[in-house]
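What follows is the residue order along each chain.
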Amino acid sequence: MHETVLWEIGGFTLHGKTLVMTWIVMAFILVFVLSGVRHLTSGKPGKMQNILEWIIDFVRKLISDNMDYEKGKPLLGYLVTLIMFVFFSNMFGLIPNFTFGLLHNVEFAQLGHIFAGAALMSPTADINTTLALAIMTMILVIYMGIKYKGAHYFHHFVEPHPVFSIIHVVDLLSKPMTLAFRLFGNIYAGEVLISVILMLPGIWVLGGILPDAIWLAFSVFIGAIQSFVFTVLTTAYIAQAVAEE
């Protein structure tokens, strides 16, 4: 499994490996999006523009299916970014280490440790990443609730009777926890099983091509499903907060 690399900067302890992998994912998303809009046209679009438009239309439909689209329209950019970031982060642990050991002896920022191992690390295999995303979701939920309902948004905490307020508070606190641990658990478990498969005996069958190909295909499926689930639940929680009833 991946070794934890800690950076001490300005009195803060940071997970260096998670940060580096996150920056690489962000750069990959920027390249992906820029390649999609590079030859932007209202005529016959290219393949990358088609893919990007499909993602945007997909997220737009998620919003319109869950809430009044005019209320959710300002969230389109964030939700498109969210689903792409989670998806590409989930896929990152399936990519072989492209440094081929060239950074093995590099001590700067512990890059030798960061790029150690046969594969890269998924940022979403770190609970800090998934919890940060989940907290951002809940901040958005509360912000949107207050934006459209004002102080009345907090009235639902005492409905149908003030005695139920503790249940509503537990519900609010449990949402980011379940969002974070569901995503983290699925991706982390996938990386553990990939490591186990690579250690199995045999060259072509037990520890080689066949089990790896099967598990990699399954991991792609799970990664896509988890990015979809995270985005859908984020949309649903916001929809609950802005609903009139």
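Before any of the text, the structure's been laid out above.
Structural notes, computed from the coordinates. (Residues numbered from 1 in each chain as written. Predicted model: local features only at pLDDT ≥ 70, side-chain atom pairs only at ≥ 80, totals over all residues. Heavy atoms only, no water.)

So, on to helix α1 (residues 16-37). Taking 1.5 Å per residue as the helical rise, α1 with its 22 residues ought to reach 32 Å, and the 32 Å between its terminal C-alpha atoms agrees with that figure. Taken together, the buried positions of α1 are G16, K17, T18, V20, M21, T22, V25, I29, F32 and G36. (Helix = DSSP H or I, 4+ residues; strand = E, 2+ residues; numbered from the N terminus. Expected span 1.5 Å × (residues − 1). Buried < 20%, exposed > 50% of the residue type's maximum accessible area, 1.4 Å probe, protein only.)

Considering all chains together, one arrives at seven aromatic pairs under this definition. Ring centres of F87 and F88 lie 5.6 Å apart, and the angle between their planes is 65 degrees; this geometry places the pair in the edge-to-face category. For F87, a relative accessible area of 28% gives the class partly exposed. Under the relative-accessibility criterion, F88 is labelled buried at 16%. Grouped by ring-pair contacts, the aromatic residues F28, F32, F87 and F88 constitute a single cluster. One Lys or Arg, K71, reaches over the ring of Y148 and ends 5.4 Å from the middle of that ring. (Phe/Tyr/Trp six-rings, centres within 6.5 Å; stacked < 30°, edge-to-face > 60°. Lys NZ or Arg CZ within 6 Å of the ring centre and 35° of its normal.)

Moving on: the pairing of strand β2 (residues 12-15). Where strand β1 (residues 6-9) meets β2, four bridges bridge the pair, whose relative direction is antiparallel. Bridge pairing links I9 to F12 in β2. As consecutive antiparallel partners, β1 and β2 are separated by two residues, and within that stretch G10 has a phi angle of approximately 55 degrees, a positive value. (Pairing = 2+ DSSP bridges.)

A few words now on the packing of helix α4 (residues 76-92) against helix α6 (residues 127-149). Interhelical geometry of α4 versus α6 gives an angle of 165 degrees and a closest axis separation of 13 Å. When the interaxial angle is binned, α4 and α6 end up roughly antiparallel. Where α4 crosses over α6, the two elements pack in a sense that is left-handed. Contacts between α4 and α6 involve Y78, L82, F85 and V86 from the former and T129, L133, M136, T137 and L140 from the latter. A per-class count over the contact of α4 with α6 returns seven nonpolar, two polar and no charged. (Axes fitted to C-alpha atoms, helices over the stretch in contact; angles between N-to-C directions. Parallel < 35°, antiparallel > 145°, perpendicular 65-115°, else oblique. Left-handed = near helix turned anticlockwise from the far one by under 90°. Contact = heavy atoms within 4.5 Å. Nonpolar A, V, L, I, M, F, W, Y, C, P; charged D, E, K, R; others polar.)

To continue, consider the packing of α1 against α4. With their axes 10 Å apart at the nearest point, α1 and α4 run at an angle of 120 degrees to one another. Looking at the two axes, α1 sits oblique to α4. As α1 runs across α4, the sense of the crossing is right-handed. Where α1 abuts α4, its residues M21, T22, I24, V25, M26, F28, I29, F32 and V33 lie against M84, F85, F88, S89 and F92. Among the residues forming the contact of α1 with α4, the class breakdown is 12 nonpolar, two polar and no charged.

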